[in-house]
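Remarks on the overall topology
Chain by chain, the residues run as shown.
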Amino acid sequence: MPASTTWRNYRKICNLHIFASHRLDANQYLRRTKVEQLFADVRHSSRVGEAVEIRRAAFKTTLSFMSNTIFSIDLSDSSQTSEEFREIVQGILEELRKPNFGDYFPIANLDLQGNRRRMTIHLRKIMDLFDHVIDERVLFIAATETTTSTIEWAMAELLRNPQALLEARRELKQIIGKGNLVEESNFTCLPYLQAIVKETLRLHPPAPFLIPRKAEADIEVHNFVVPKGAQVFINAWVIGRDPNFWEEPDLFRPERFIRSEMDVKGNDFGLIPFGGGRRICPGLPLAMRMLHSMLGTLIHSFDWELEDGVALENLNMDEKFHFVLQKA
Ligand code: HEM
């Protein structure tokens, strides 16, 4: 959505009425019940000896977090709705990933491969599903895949880095205590868990190109001239792995954030998984609460290992870029 009056109004509603911290504090009890549900689902799987598909569990929890926080209803109550929504979001991301040759010939308004037609079908399905909550559908698309993919990457990195997993468990045991669930309000007392979330977002920012910008005037940056009207993509993935800025950039080392003031709130340009400036992700405060409570619960309450037969060195760490960067 361009920076129009409608966009400004949406941002105002988000900042004042949906993501303001007093609002999130007031409805955190709704999300707590969903963390309990996640805990119960994973415990059930562990009791019957069934592998947990992190992506599916995290998606279901995020969807119910979102619907409870924004509409006080639970869209994931029926596993059919949750599954249907997951498939539609997947379809949208798939279309966003494909180049549309028509875009290279804008005057002809071509849709040679039918991308636009298929996208219209996906969006119509979402409208049908959310016929009473239409205005908020953008929030759902923006929130579910980004949050799910961050949880999935964090768990994969922790399985490959048992020392980090051990350290996180030690911290959680000490601060939360055995048998207790992680609360949203706890996460400020969990520096190692916070460091894991930052390190995951550094290595695997789910929206690696942020929202494209347009230069409003000719501008010179480090001897390059960006002409007026040019579309500018900012690559947060490359910034997060820049060897001039990060020591051993490809390694997962949450410790790098332990004695560092660096945050993800758009002030430190070396780490911008939520973007920055006036387009910064408005869902950041809710995302941080959801990520810490879900990840904290998964780490604190269960022992994790790979499914039977999968060796650690065979864990697939490839990335797949749709509009959101996912684990392959
Ligand atoms: C791990 C979680 C998330 C990440 C990493 C993330 C990342 C981003 C990024 C990079 C942008 C573009 C910012 C820019 O270009 O400067 C963005 C925009 C946006 N995000 Fe998020 N996001 C996450 C979760 C959420 C959640 C939970 C919501 C809503 C509940 C949300 C709603 C939005 C919306 C509506 C926009 C568009 C803002 C605009 O057009 O001005 N995001 N997000």
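Structural data are supplied above this passage.
Nothing here was measured: the structure is a model prediction, and the numbers come from that model.

Each value, and the rule that gives it
Residues numbered from 1 in each chain as written. Predicted model: local features only at pLDDT ≥ 70, side-chain atom pairs only at ≥ 80, totals over all residues. Heavy atoms only, no water. Core = buried A, V, L, I, M, F, W, Y, C linked by side-chain atoms within 4.5 Å. Buried < 20%, exposed > 50% of the residue type's maximum accessible area, 1.4 Å probe, protein only. Contact = heavy atoms within 4.5 Å. Near = heavy atom within 4 Å. Polar contact = N/O pair within 3.5 Å; in protein donor to acceptor, adjacent residues only side chain to side chain. Helix = DSSP H or I, 4+ residues; strand = E, 2+ residues; numbered from the N terminus. Nonpolar A, V, L, I, M, F, W, Y, C, P; charged D, E, K, R; others polar. Expected span 1.5 Å × (residues − 1). Arc of directions from axis to C-beta. Phe/Tyr/Trp six-rings, centres within 6.5 Å; stacked < 30°, edge-to-face > 60°. Axes fitted to C-alpha atoms, helices over the stretch in contact; angles between N-to-C directions. Parallel < 35°, antiparallel > 145°, perpendicular 65-115°, else oblique. Left-handed = near helix turned anticlockwise from the far one by under 90°. Donors = N, O, S within 2.8 Å, 3.2 Å for Na, K, Ca; no water.

**Details of the nonpolar core**
If you look at the biggest cluster of nonpolar residues, it comprises 63 residues, and the most contacted ones within it are Met66, Ile151, Phe274, Met288, Leu295, Ile299 and Trp304. If sequence neighbours within four positions are ignored, Trp304 has contacts with Val42, Val52, Ile54, Met155, Leu159, Leu298 and Ile299.

**Some thoughts on the site of the ligand**
Neighbouring the ligand are 27 residues, the closest being Trp7, Arg11, Arg213, Arg279 and Cys281. Residue Ile211 places a main-chain N or O atom 2.8 Å away from an oxygen atom belonging to the ligand. The contact in question runs from an oxygen atom of the ligand to an N or O atom on the side chain of Arg213, over 2.5 Å. Broken down by secondary-structure element, the contributors of at least two residues to the shell around the ligand are α1 (5-18), α7 (137-160) and α11 (284-301). The greatest single-element share of the shell around the ligand, amounting to six residues, is contributed by α7. Residue classes in the shell around the ligand are distributed as 18 nonpolar, six polar and three charged.

**Thoughts on α1**
With 14 residues, α1 extends 19 Å from end C-alpha to end C-alpha; this agrees with the ideal 20 Å at 1.5 Å per step. Considered for burial, the residues of α1 that qualify are Trp7, Arg11, Cys14 and Ile18. In an axial view of α1, the angular spread of the buried residues amounts to 100 degrees, which keeps them on one side of the axis.

**Remarks on the packing of aromatic side chains**
The tally for this structure, following the rule as stated, stands at five aromatic pairs. Note on Phe39 and Phe302: the rings are 5.5 Å apart at their centroids and 35 degrees apart in plane angle, and the pair reads as tilted. Highlighted residues: Phe39 in helix α3 (residues 28-48) and Phe302 in the loop between α11 and β5 (319-321), separated in sequence by 263 residues. Ring geometry for Phe302 versus Trp304: centroids 6.2 Å apart, planes at 70 degrees, classification edge-to-face.

**Some remarks on the packing of helix α9 (residues 191-203) against α11**
Relative orientation and spacing of two packed helices are given, respectively, by the angle between their axes and the distance between those axes. Put simply, α9 and α11 touch, their axes get as near as 10 Å, and they point 115 degrees apart. With respect to α11, the axis of α9 lies roughly perpendicular. For the pair α9 and α11, the crossing hand works out as right-handed. Seen from α9, the contacting residues are Leu193, Gln194, Ile196 and Val197; seen from α11, they are Met288, Leu291, His292, Leu295, Gly296 and Ile299.

**Structural notes on the coordination of the iron atom of the ligand**
In this structure, the iron atom of the ligand receives exactly one donor atom from the protein: Cys281 (SG), at 2.3 Å. Relative to the helices and strands, Cys281 resides in the loop between α10 (236-240) and α11.

**Brief notes about the environment of Met290**
Along the chain, the position of Met290 falls in helix α11. With 225 residues separating them along the chain, Met290 and Phe65 place their C-alpha atoms 7.6 Å apart.

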